[in-house]
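# Architecture and fold: a report
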Amino acid sequence: MSPGNLFHYFPTKHTIIAAIVEEERQETAEIFRKLGEEEDLFAALLGFMDSVLELAGDPAYSSLALEIAAEAMRDERIGTLAATNDAELQSALVALLRNAASRNQIDRTLDAEGAARWIAAIIDGIFSRVAVDPGFKPKEEGVLLHRLLSRFLRTQD
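The notes below deal with the structure included here. (Residues numbered from 1 in each chain as written. Predicted model: local features only at pLDDT ≥ 70, side-chain atom pairs only at ≥ 80, totals over all residues. Heavy atoms only, no water.)

### Quick word on the overall build of the protein
Applicable threshold: What counts as a helix is a DSSP run of H or I of at least four residues, what counts as a strand is a run of E of at least two, and both are numbered from the N terminus. Any pair of residues with heavy atoms lying within 4.5 Å of one another is described as a contacting pair. Using the Shrake-Rupley algorithm and a 1.4 Å probe, accessible areas are obtained, with residue cover drawn only from the displayed protein chains. In this tally, Asp and Glu contribute negative charge and Lys and Arg positive charge; neither His nor the terminal groups of the chain are included. Working definition for charges: the position is that of NZ of Lys, CZ of Arg, CG of Asp or CD of Glu.
Secondary structure assignment for the protein yields 7 helices and 0 strands. When the elements of the protein are put in sequence order from the N terminus, they spell out α-α-α-α-α-α-α. Reported as C-alpha extents along the three principal axes, the dimensions of the protein are approximately 60 × 30 × 25 Å. Expressed as a percentage of contacts within the protein between residues at least 6 apart in sequence, the contacts between residues at least 24 apart total 72%. Entry remark: accessible area of the protein is about 9600 Å², with carbon and sulfur atoms responsible for 55%. Side-chain charges in the protein split into 16 positive and 26 negative, and the spacing between the mean points of these groups amounts to 3 Å.

Here it is, written out as structure tokens:
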């Protein structure tokens, strides 16, 4: 789509970014709604993280995610939208982790809020790593990410 045509639908850069952030919020909410219906919530979380690796491996998506993060630092309104998305992601992760713990699929003594914060930080870090390390291939990191999350979330007997 040409820039002129794009600005026919979205009058400013801010409205374009806000629309992208809102669409991401809705997609994430739907993903977690479906994840919550899964029998094995730990496996569902690993599948979600595989999806994150897949997205981070897409140069266009990864660049856009980092541009939006940068814009959130410059534009208070975009920052508020991004913070809302992050809070909703963490809330969804907390719910998923608590449900998984109640099913004995992860460590029942785990601090769900703290774990959700760290998982969100890992997600953010994946995109940052793509930006600064050309040798980092997200799609190839799934096995190690699964191991890291397993050791972090599973009961250590």
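### Considering helix H4 (residues 59–74)
Put simply, the rule is: Multiplying 1.5 Å by the helix residue count minus one yields the expected span of that helix. To sort residues, take the accessible area from a 1.4 Å probe on protein chains only and compare it with the maximum for the residue type: under 20% means buried, over 50% means exposed, and anything in between is partly exposed. Counted as a polar contact is a pair of N or O atoms within 3.5 Å, where, for protein atoms, one must be capable of donating a hydrogen and the other of accepting one, and residues adjacent in sequence contribute only when both atoms are in side chains.
Given a rise of 1.5 Å per residue, 16 residues ought to cover 22 Å, and the 23 Å separating the end C-alpha atoms of H4 matches this to within 8%. For H4, the full list of buried residues reads Ser62, Ile68, Glu71 and Ala72. Taken together, the buried residues of H4 touch helix H2 (13–35), helix H3 (41–56), helix H5 (76–102) and helix H6 (112–132). Two or three places before alanine 60, at the start of H4, stands the capping residue aspartate 58, its side-chain oxygen 3.0 Å from that residue's backbone nitrogen.

### Topic: the environment of tyrosine 61
Examined against the element boundaries, tyrosine 61 turns out to sit in helix H4. Under the relative-accessibility criterion, tyrosine 61 is labelled partly exposed at 28%. The spacing of tyrosine 61 and phenylalanine 127 is 66 residues in sequence and 9.5 Å in space, taken between C-alpha atoms. Those residues in contact with tyrosine 61 that lie beyond four places of it in its chain are Glu24, Leu55 and Phe127.

### Examining unusual backbone geometry
The backbone phi angle of asparagine 104 is positive, close to 60°, even though this residue is not glycine. Note that asparagine 104 resides in the loop between H5 and H6.

### Quick word on the side chain of glutamate 71
One can find glutamate 71 in helix H4. If sequence neighbours within four positions are ignored, glutamate 71 has contacts with Lys13, Ile17 and Ile78.

### Quick look at the nonpolar core
Rule in force here: The set of buried Ala, Val, Leu, Ile, Met, Phe, Trp, Tyr and Cys residues whose side-chain atoms join them within 4.5 Å is what this entry labels a nonpolar core.
Counting 33 residues, the largest nonpolar core has Leu45, Phe48, Met49, Leu97, Ile119 and Leu153 as its most contacted members. Breaking this core down by element, the ones donating at least two residues are H2, H3, H5, H6 and helix H7 (142–153). A total of 10 residues in this core trace back to one element, the largest contributor, which is H3. Apart from residues lying up to four places away in sequence, methionine 49 is in contact with Ile119, Ile122, Ile123, Ile126, Leu145 and Leu149. Counting residues in each nonpolar core, the second largest holds 6 residues, with Ala18, Ile68, Ala72 and Ile78 among its members.

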